[in-house]
Amino acid sequence: MEPMYSPTDRVNVMREDVAVKSNEREALLKNAPDTEGGLIKVPAIMDDESEDGE
């Protein structure tokens with residue numbers, strides 16, 4: 001008996017990753033949790049305080 005490399009006989013079929021230029025900005029923004037002024041709004045990860053409290 002041959003050694004197994006996978007518990008199933010299924011094979012992944014991958015499509016080629018091809019970039020497509022699109023003007024579907026509104027569709028993209030509809031999927032974003034928060035938008036402002038036509039941009040995707042994300043939470044801030046930096047603040048104005050330095051590490052030593054100055």
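Figured I'd write up the structure that's included with this text. (Residues numbered from 1 in each chain as written. Predicted model: local features only at pLDDT ≥ 70, side-chain atom pairs only at ≥ 80, totals over all residues. Heavy atoms only, no water.)

Moving on: the overall build of the protein. Helix and strand counts for the protein stand at one helix and two strands. Starting at the N terminus, the α and β elements of the protein follow one another as α-β-β. Counting all 54 residues of the protein, 4% fall into the buried class. Just so you have it, the protein exposes about 6,500 Å², and 52% of that area is on carbon and sulfur atoms. (Helix = DSSP H or I, 4+ residues; strand = E, 2+ residues; numbered from the N terminus. Buried < 20%, exposed > 50% of the residue type's maximum accessible area, 1.4 Å probe, protein only. Areas by Shrake-Rupley, 256 points an atom, 1.4 Å probe, with all protein chains shown as cover.)

This part covers the pattern of salt bridges. Counting across every chain of the model gives one salt bridge. Where Lys41 meets Glu36, a salt bridge forms, and the shortest distance between an N and an O atom there is 3.1 Å. We classify Lys41 as partly exposed; its relative accessible area is 42%. (Salt bridge = Lys/Arg side-chain N within 4 Å of Asp/Glu carboxyl O.)

Together, Leu28, Ile40 and Val42 make up an exposed nonpolar region whose accessible area comes to about 290 Å². Tracing the backbone through its elements, the reader meets Leu28 in helix H1 (residues 25-31). (Patch = residues over 30% accessible without salt bridge, like charges linked within 9 Å, V, L, I, M, F, W, Y side chains within 5 Å.)

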